[in-house]
Structures are given as C-alpha cells and as structure tokens.
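Fold and contact review
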Amino acid sequence: MTILDGKDLSQRIKNELALEVAEVKRNGGKIPHLAAVLVGENPASQVYVRNKVKSCEEVGFKSTLVKKEEGITEAELLQAVHDLNNDPDIDGFIVQLPLPRHINEERITLAIDPKKDVDGFHPVNFGRMALGMACYLPATPFGIVTMLERYGIETSGKHAVIIGRSNIVGTPMGILLSRKGKVGDCTVTITHSRTRDLPGMVRQADIIVAAIGIPHFVTGDMVKEGAVVIDVGINRIDDPTAKKGTRLVGDVDYAAVAPKCSFITPVPGGVGPMTVMSLLMNTMKASKKEIYGG
Ligand code: GUN
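Owing to the predicted nature of the structure, the values given are computational and were not obtained by experimental measurement. (Residues numbered from 1 in each chain as written. Predicted model: local features only at pLDDT ≥ 70, side-chain atom pairs only at ≥ 80, totals over all residues. Heavy atoms only, no water.)

Side note on the packing of aromatic side chains
Here a ring pair, both rings aromatic, is described through the centre-centre distance and the interplanar angle of the planes. With the rule as written, the count across this model stands at 1 aromatic pair. Look at Tyr136 and Tyr292: their rings are 6.1 Å apart centre to centre, the planes differ by 45 degrees, and that puts the pair in the tilted class. Taken together, the positions of Tyr136 in the loop between α5 (123–130) and α6 (139–150) and Tyr292 in the segment after α10 (271–287) put the pair 156 residues apart, joining distant regions of the chain. A relative accessible area of 2% places Tyr136 in the buried class. A residue is classified by how much of its surface remains accessible, and Tyr292, at 23% relative accessible area, is partly exposed. (Phe/Tyr/Trp six-rings, centres within 6.5 Å; stacked < 30°, edge-to-face > 60°. Helix = DSSP H or I, 4+ residues; strand = E, 2+ residues; numbered from the N terminus. Buried < 20%, exposed > 50% of the residue type's maximum accessible area, 1.4 Å probe, protein only.)

Some remarks on the nonpolar core
Generally speaking, soluble globular proteins have nonpolar side chains that are buried together. One finds Ile144, Leu148, Met173, Leu177, Val209 and Ile230 to be the most contacted residues of the largest nonpolar core, which totals 48 residues. Among the elements that make up this core, the one with the highest residue count is α10 (8 residues). Beyond its immediate stretch of four places on either side in the chain, Met173 contacts Pro141, Ile144, Val145, Ile162 and Val209. (Core = buried A, V, L, I, M, F, W, Y, C linked by side-chain atoms within 4.5 Å. Contact = heavy atoms within 4.5 Å.)

Description of the sheet that holds strand β2 (residues 33–39)
Strands sit in the order β3-β2-β4 across an open sheet of 3 strands; the sheet is parallel. The sheet terminates laterally at β3 (62–68) and β4 (92–95), the two strands that pair on one side only. For this sheet the average axis-to-axis angle between neighbouring strands, irrespective of direction, equals 15 degrees. Sheet topology places β2 next to β3; 7 bridges connect them, and they run parallel. When the sheet's bridge partners are listed, Leu38 is paired in β3 with Lys67. (Pairing = 2+ DSSP bridges. Axes fitted to C-alpha atoms, helices over the stretch in contact; angles between N-to-C directions.)

Quick notes on the site of the ligand
Surrounding the ligand, one finds Lys52, Val95, Gln96, Leu97, Asp119 and Phe121. A distance of 3.1 Å separates a nitrogen atom of the ligand from a polar atom in the side chain of Gln96. Asp119 places a side-chain nitrogen or oxygen 2.6 Å from a nitrogen atom of the ligand. Summarising the interface, the protein chains cover 75% of the accessible area of the ligand, which totals 280 Å² for the free molecule. In terms of residue class, the shell around the ligand is made up of 3 nonpolar, 1 polar and 2 charged. (Near = heavy atom within 4 Å. Polar contact = N/O pair within 3.5 Å; in protein donor to acceptor, adjacent residues only side chain to side chain. Areas by Shrake-Rupley, 256 points an atom, 1.4 Å probe, with all protein chains shown as cover. Nonpolar A, V, L, I, M, F, W, Y, C, P; charged D, E, K, R; others polar.)

Points about the packing of α6 against helix α7 (residues 170–178)
Running from N to C, α6 and α7 cross one another at 35 degrees; their axes reach a closest spacing of 10 Å. Handedness of the crossing formed by α6 with α7: right-handed. Within the contact between the two elements, α6 uses Pro141, Ile144, Val145 and Leu148 and α7 uses Pro172, Met173, Leu176 and Leu177. Residues that form the contact of α6 with α7 fall into these classes: 8 nonpolar, no polar and no charged. (Left-handed = near helix turned anticlockwise from the far one by under 90°.)

What to know about the sheet that holds strand β5 (residues 159–163)
Reading across the sheet, the 6 strands line up as β1-β11-β8-β7-β5-β6 and stay open at both edges, with parallel pairing between neighbours. Single-partner strands in this sheet number two, and they are β1 (2–3) and β6 (187–191). One ladder, built from 2 bridges, connects strand β8 (residues 228–231) with strand β11 (residues 263–264); its direction is parallel. Looking at β11, one finds that Val228 is bridged to Phe263.

If you want it as structure tokens, here you go:
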C-alpha cells in the first residue's frame, strides 16, 4: 500500500512554481497576482483565505486580500467583483464561500469574469471542462487528477465509483475521470444519498472517490482488495484523547481500509494540501493567459 502524500507533492509543485516565478522575474515579466475576497468573520473561511495568501507569498506571487464587512450589500459586493474584473494587475481572484445569507452566491459567481475565475466555479469554466476544452479546473478535482498523474496511477478502463454528487467535487470528478486522456478513460458511477445498495456499488470500484462529508462512511468491507482510495472528506469529530478534544477525519475509515488498498490519501495531508496548490497553478495559467489568450 502506498500513501498518496499530498503535503509532500503540493510542496514539490510549489517549488516548481517558485522556480517559474523566479524566471519570470529575471526576464522582467509580469508577476502572477491573486486576489481573495473575504466577507465577514467566518473562522474557517479566515483560515482558508490566510492559507491561500500565505501560499502565494511562498511561491513569489503577489496577493491582495479584499476584506468586507458581514453587512456588505449584494450590490456593493458585485461592485467589488467588477473592480477586480477590471483591474489589469489582478490575474485571477476568488470570492471565498460561504457568503452571508443575504447575498446570492450564484449572482456573485456569475459576475466573475471567466478569464479571472481561478476557482473554476463560473458556468463558462464548468462548461468548457465538460466539453474537454482548456479551462480553470475547480481546486479539489484539479488536485486529485494531479495526484493521480504524478503518482503514475493507471486509470484507463478502471471502474471509478464516486460517492457524492456536489457541483465542486463529485460531478466534476465524474466528468474528468470518464473523458478521454491521461487521467481518464474510466467507467464512472456517481453514487449519492438515493443510490440503492451503495456499499455493493463501492465494492465493485477499482478507484473510489469519497466526497460525501460523513466521517468514516467508507468501511473496510466496502473496499475491494487493491483499490485506489481518494478521501475528500474533512470532518471534525470528538476525540477526548486529543489536546483540543477533537480531531480531523476523512470520509474513509482509514485504519480498516488502508491495508486493503494499492493507494490511499490520508486525512489530513492528502487531498487538502493539493487544493491550494491547484489555485496557484490556475493563477499561473491566468497570468500566462494560457486559457483565454489576450
Ligand atoms: N469555500 C470552501 N472551499 C472553497 C473554494 O475552493 N473556493 C471558494 N471561493 N470558497 C470556498
């Protein structure tokens, strides 16, 4: 069994990006610049955004944090999005979700210029992905396919069973794994809360992507010998033996499942660290105008 070490791999990719930025600087080119909009005081969002800004600094990108009060109106936030769309120095930006309840997330996402949508959440980028065109891939799926590629995991002809059908993980993973190409050519089953005999489905999988948000949902008896297991879950559970009284676990019962796998991602340290790296890779693509030209 091989552990897919997202911490180590994301650091290696960051080092590659840092070399690329240094080269751009030496040649007097434009330094990639990411902006992040953070609305309100959501503690998890603050941690995520801080992490993204810190990672930008590590690779030599410019970053701008745009902080807005919880009480900002939708019109004011739309104006902030328009300002970033029109700022020539900003290559890409994200609006950290969730937004306060009085703001319509869909309207905000639609207002982002697809050329700067390094989260890959705009329907133009999602549509381009579905059609196999160049696009900004959403961070988690991009991180997962990068991991499969860099570890040289064969996907062609394999049966991939995805647990969960969210817009940002399950559905795009199904599209990516079933398309033609290097990480692709799988036969894909997307399972969800209405799936009949979900354990039976998962038992048939050569590749399992667990993205359902339920701690330890995938148990040892659900996993075929030699399967590749990608655990997207980040669940905080009570643990009286831990210093904080809680700990992070995935959607997979790691202790029971790991011995049966050919490859498995740990939680933490698997898919999580790869997602920030995806955002940096998308920002680099934006800076080089790789996808939309111009
Ligand atoms: N909230 C949780 N994950 C994400 C993400 O990848 N992007 C944004 N914008 N918000 C999030």
